[in-house]
Number of protein chains: 4
Amino acid sequence: MLGWNLAISMICGNCNIWKGASSTSLITVATTRIIGEVLERNGLPAGILTTVIGSGRTIGERVLTDKRIGMVSFTGSSEVGVHVSEVVHRRFGRTILELGGNNATIVMPDGNLELARRAAVFGAVGTAGQRCTSLRRLLIHESLYDAFVASLVAAYKTIPIGDPLDAKTLMGPLHTAAAVKEYEDGIAEITKQGGSVLYGGKRREGPGNFVEPTIVAIDHAAPIVQTELFVPILYVCKFSTLDEAMAMNNGVPQGLSSSIFTTDMRSVFKWIGPSGSDCGIVNVNCGTSGAEIGGAFGGEKDTGGGRESGSDSWKQYMRRSTCTINYTDKLPLAQGVNFDLSA
Amino acid sequence: MLGWNLAISMICGNCNIWKGASSTSLITVATTRIIGEVLERNGLPAGILTTVIGSGRTIGERVLTDKRIGMVSFTGSSEVGVHVSEVVHRRFGRTILELGGNNATIVMPDGNLELARRAAVFGAVGTAGQRCTSLRRLLIHESLYDAFVASLVAAYKTIPIGDPLDAKTLMGPLHTAAAVKEYEDGIAEITKQGGSVLYGGKRREGPGNFVEPTIVAIDHAAPIVQTELFVPILYVCKFSTLDEAMAMNNGVPQGLSSSIFTTDMRSVFKWIGPSGSDCGIVNVNCGTSGAEIGGAFGGEKDTGGGRESGSDSWKQYMRRSTCTINYTDKLPLAQGVNFDLSA
Amino acid sequence: MLGWNLAISMICGNCNIWKGASSTSLITVATTRIIGEVLERNGLPAGILTTVIGSGRTIGERVLTDKRIGMVSFTGSSEVGVHVSEVVHRRFGRTILELGGNNATIVMPDGNLELARRAAVFGAVGTAGQRCTSLRRLLIHESLYDAFVASLVAAYKTIPIGDPLDAKTLMGPLHTAAAVKEYEDGIAEITKQGGSVLYGGKRREGPGNFVEPTIVAIDHAAPIVQTELFVPILYVCKFSTLDEAMAMNNGVPQGLSSSIFTTDMRSVFKWIGPSGSDCGIVNVNCGTSGAEIGGAFGGEKDTGGGRESGSDSWKQYMRRSTCTINYTDKLPLAQGVNFDLSA
Amino acid sequence: MLGWNLAISMICGNCNIWKGASSTSLITVATTRIIGEVLERNGLPAGILTTVIGSGRTIGERVLTDKRIGMVSFTGSSEVGVHVSEVVHRRFGRTILELGGNNATIVMPDGNLELARRAAVFGAVGTAGQRCTSLRRLLIHESLYDAFVASLVAAYKTIPIGDPLDAKTLMGPLHTAAAVKEYEDGIAEITKQGGSVLYGGKRREGPGNFVEPTIVAIDHAAPIVQTELFVPILYVCKFSTLDEAMAMNNGVPQGLSSSIFTTDMRSVFKWIGPSGSDCGIVNVNCGTSGAEIGGAFGGEKDTGGGRESGSDSWKQYMRRSTCTINYTDKLPLAQGVNFDLSA
């Protein structure tokens, strides 16, 4: 999340080093130059935002261990995040970690089902399932499961796939060939674990890293449901009670985003309360990637605990001190101690 | 800092495990029982505050690695703090670290010198120099150095040392025999590094871990000035300009507390501003341990970065979620994307 | 609302003059003495809370016109409130006005009806209808009107009336004989305007100012519904849609308290939103006098607009200044004007 | 202060009626049209900002008495402000009043005198003394009075007066011929009350409403010092102690802006504290019109008490309600009353 982090950090007066994904070096360079021009046009040195290009293993490691870099904000996998967290905190640095997500939406019988259907399709298929907040797990009340899944499949059939620069396209390609492999391996493993593909499941022939948007019916207890596949595969699961659905929602290691569709206030408050969703983003009647702009963005548990934005995120980017100014001729002593010198 | 941490944590609804210092096990047990009685009298289970007794190496390690323990607040040495920080953050836990301090007070020519003298003596001698915020380094403007040091020595001569339960006592014993050794080894090393003892410097004969409160003149560049001796040894150093004094203040690895004595507003704002003291506590006209109650308590750099109290410290003790509640029949999509299904 | 006002005012460091109701002079004196003793026990002069006894016309007027009295907090009728507001603001004083209420509760078909029934009875009958937040108008959805009114009448029949010091009593006497007259005149006028008494409607024979708790069915358009009778008379009215019910709620000159019973989130947000209730207190699933402690207490329109408590009410009790401190050697000029003197 | 008021009010969602000064009708119309075009370009109806042209006596009165206009923000004289305050509050409307000022600057011996001199000239002469925050009274410590006044007179001699559209001009004409009469009558009255003109004092021959920027030495006790002349006449007065200077600062009916020049922190805190300046704007080391943008703008006493901007000024432009939402099956009762129905 380059934008939020860097914007707030620069507002707070910091110099910044930005390392983009290894697969997007040219974009990183181009973006840095654009920002540099804006900075200089406004009388600021372009160098307050510097880019480094290179592999995480060499360049990244130097960033992690350098005491002069007060804070490291990292977006990536939970595996790499563990290393970042450990190394930076060993030197008492600060981290903002936005790691893996495994986001679920709960559909209750009293929810607006048309809204839920559109939110689910956008959440699972938009950006070809390559958002940190993409919908991975759709938890549907048993009373409406069959009809709802059927309507989803019907919607999936109509999704225009193709050139992402074409305004009519709703789903573009995967990021790299490696992502296509992750998709195909994922489908294979899902099948092995008893999941059944209700729609899609295959890569698209022809040029480009295109795959079919995919709906999978699977037992929520299957191990693969615990992991994040960064591709457009959506698990659909059935539940009987809100408590059961919330346990499913919370029953994965990641804790980024979550949402519920209901019109009953009692369910809303249960969901957003201390015994409800354990994620960082807890939505009601919008999708998992629905409305986060401006709010504190980030998640709990293996998602890393960081928050990149929100009303008090600036505190992470600044040194903070507690100043007591005494303008009297009397001396305040700690804990009201009496300490009178005779001389 | 048992009180602040546990009070806020309990107010925030958490269950707590408390491990006191290994040398104070009986006090830990007694305090826990008192708190437990208060809890039960108010209809709460005593078990929301549990105590463990044992060595840090065995018991402490289990606390650090247990994923069920969301936050670890640790007060102790920077060496152990490194380990705590690394291990807890490897599992994406939270930490509040209050590690070593090396606190300085700056005395400017336009300050209230009588106030400064009393603050210095209390800061260095109170609790026998065994506070995290105890004064370790007194930075005195060259124009008043000689007279100020002389007045300090005069004050030190009058300090009543003895039984801490006697109301007239201003300085009691050290915590353990090991602390007396730390004091004696410290004096030896100071002398080796060119420091000269202006007052004190010896342990007191007789029963109890008593030592003399000690004033040492030393070059601020001596290596030992970089470390924290948790005993009543005060370094006095000379400076010419405020900038020089602030550079000394910031020129140690620790960053807990600091203070200045001046009546000039321009010096005050320089001191509390972004180019001023880099500590967590930045006082004006009171000592390093003068007035911290209620404020955000903790420090930067090797002090570990944690804050145990203050107006927003509760956020560390709670799960925080960003809730967006949509009560309309329209669906907000991330970043205002247009995503219309035809079916 | 003596407690909130005076507590906050005293915390803010003010001296206070308190004038109680003319009919409760002995209570005023007794309370002031108790507070005075507490103040003196804590080292404060009892005189920071002073009482005056007398008629509003003579004593009160001097308070209103005295420039030394920075703020006047008045609880009473809208008629007197107009005069207070006019006179105090003519001298640029501040006011907190808590004037008449005419509080309504809306019962929706999807609400918890047992909760609504209990809230209605407590709101209308508790303190014999002599609270500023007492329920005056009960707006019931047409689909459940008959059954709900029947259950109310059944509940009214069981209310123990009598000595307010008896723990079993739920309804005590009216405040004065004048209040009994207001009750009887009210019933007569209600009948004249087409209202029909469903329960009660008569004063109780025997000693004391006792009357029957009363339920009246009336057209909401009847003029008397626009006024506040400070006695236990409850109007019940029927509505078809939430919009209609909200229009009734807002269709009186007063704007103190209001509440709705519903479990549908969409109704909740409509009710608490900008097009919803125009009162100062807007409750959901509790009565009009249900839960205001700690919140900003007061109302809009002819209720006078004041707020006696709440998180920022202290600002009314203090002088507030905007301080800009310049510690540099440069001079900021208004609106960035360039104004260079050559000499 | 058209900008602040209307900007915040429109952000808060209100429709607005704007009445400019009677002498600036064409500017009012032109500005309204510009704003209307901006609004329409952004998809908002131009009518959310409406202008009325006419005399205060006819048009203004209808605004004051119309219950549909929830808030009246008035900038003008204290005399008219009394009427506005009285009439609007009689109908429980809200007001923001920015009435007369009589702003003082205190110059202490330890202040930056060059900064003070420039601030004083800009404050008194800028906009030809026709700002609400223009400097009217300059209170100078006796030890530097003579030299400081001499340096002021020297600066006044160099001020370029003329066409306000010429970039070199520092002082333009008065607003109207009536303002020139106010200036000349003021000088006559000042002389009658014992004031002596140290510089200026006459209108400039030739076309346009030009007058000389004027410095007057006068006893602070002279009655005319209590009133605001909205022209470039500056009173200079002598004091011995800070307490005396603060008493002078506070010793007029108006309470808009004030400032002090000092580098001593103790004077700063005394000045900005509860016993210090009683104005709404309390500056340090900048002029009375130095730095108010963004802060809460307005003043106390006869200045009317309003605040047009600042971090919480939006609260004045919105209806505020205290919402308690109960999502349980239990009923909270006021003040924890026990009220159990048997039926």
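From a predicted model like this one, the values you see are computed outputs, not experimental measurements.

Student: Quick rundown of the interface of chain B and chain A? Include the residues and the values.
Tutor: A common way to report how large an interface is uses the accessible area buried once the components associate. With 81 residues of chain B at the contact, the number on the chain A side is 81 residues. Interface area, chain B with chain A, both sides summed: about 6,600 Å², of which 56% is carbon and sulfur. For the chain B face of the interface with chain A, the top three residues by lost area are Phe92, Arg319 and Phe339 of chain B, together amounting to 12%. Our count for the contact surface shared by chain B and chain A stands at 10 salt bridges. Among the ionic pairs, arginine 90 of chain B bridges to glutamate 86 of chain A, the shortest N-O distance being 2.8 Å. At the boundary of chain B and chain A, one finds 33 residue pairs in polar contact (both at pLDDT 80 or more). Listed by contribution, the elements that provide at least two residues to the side of chain B that touches chain A are helix H4 (78-90), strand E4 (94-98), helix H5 (113-125), helix H6 (145-157), helix H9 (265-272), strand E12 (281-284), strand E13 (300-301) and strand E14 (322-325) of chain B. Classifying every residue of the side of chain B that touches chain A by side-chain character gives 35 nonpolar, 26 polar and 20 charged. By the bridge criterion, 4 bridges tie strand E14 (residues 322-325) of chain A to E12 of chain B in an arrangement that is parallel. Residue pairing in the sheet places threonine 324 of chain A in a bridge with asparagine 283 of chain B of E12 of chain B.

Student: Before we move on, could you go through the packing of helix H8 (residues 242-250) of chain D against helix H9 (residues 265-272) of chain D and cite the residues and values that matter?
Tutor: Residue and element names in this part refer to chain D. For the pair H8 and H9, the least separation of the axes is 11 Å and the interaxial angle reads 30 degrees. The angle between the axes of H8 and H9 places the two elements in the roughly parallel class. Crossing geometry of H8 relative to H9 is assigned as right-handed. Contacts between H8 and H9 pair Leu242, Asp243, Met246 and Asn249 from the former with Ser267, Lys270 and Trp271 from the latter. Taken together, the residues of the contact of H8 with H9 sort by class into 3 nonpolar, 2 polar and 2 charged.

Student: Give a description of the interface of chain C and chain A that names residues and reports values.
Tutor: Chain C puts 8 residues into the contact, and the matching count from chain A is 8 residues. Both faces combined, the contact of chain C with chain A buries some 560 Å², and carbon together with sulfur accounts for 65% of it. The largest share of the area that chain C buries against chain A comes from Thr263, Met265 and Arg266 of chain C, three residues that together contribute 78% of it. Across the chain C-chain A interface, the total number found is 0 salt bridges. Where chain C touches chain A, the interface holds 2 residue pairs in polar contact (both at pLDDT 80 or more).

Student: Explain the sheet that holds strand E5 (residues 103-107) of chain C to me, and be specific about the residues and the numbers.
Tutor: With mixed pairing, the 8 strands of this open sheet are ordered in space as E7(C)-E8(C)-E9(C)-E6(C)-E5(C)-E11(C)-E12(C)-E14(D). The open sheet terminates on both sides in strands that have one partner only, identified here as strand E7 (196-199) of chain C together with strand E14 (322-325) of chain D. In this sheet, adjacent strand axes meet at a mean angle of 20 degrees when their direction is disregarded.

Student: Got a sec to walk through the relation of the copies chain C and chain A? Specific residues and values, please.
Tutor: Superposing chain C onto chain A takes a rotation of 179 degrees combined with a translation of 0.1 Å along the rotation axis, leaving an RMSD of 0.1 Å. On this basis, the relationship between the two copies can be described by a two-fold rotation axis. Taken together, the interface assignments show that 100% of the residues at the interface of chain C recur at the interface of chain A, consistent with an identical surface on both copies.

Basis of the calculations
- Residues numbered from 1 in each chain as written.
- Chains lettered and ligands numbered in written order.
- Predicted model: local features only at pLDDT ≥ 70, side-chain atom pairs only at ≥ 80, totals over all residues.
- Heavy atoms only, no water.
- Contact = heavy atoms within 4.5 Å.
- Buried area = accessible area lost by both parts, 1.4 Å probe.
- Salt bridge = Lys/Arg side-chain N within 4 Å of Asp/Glu carboxyl O.
- Polar contact = N/O pair within 3.5 Å; in protein donor to acceptor, adjacent residues only side chain to side chain.
- Helix = DSSP H or I, 4+ residues; strand = E, 2+ residues; numbered from the N terminus.
- Nonpolar A, V, L, I, M, F, W, Y, C, P; charged D, E, K, R; others polar.
- Pairing = 2+ DSSP bridges.
- Axes fitted to C-alpha atoms, helices over the stretch in contact; angles between N-to-C directions.
- Parallel < 35°, antiparallel > 145°, perpendicular 65-115°, else oblique.
- Left-handed = near helix turned anticlockwise from the far one by under 90°.
- Least-squares fit on C-alpha atoms with pLDDT ≥ 70 in both.

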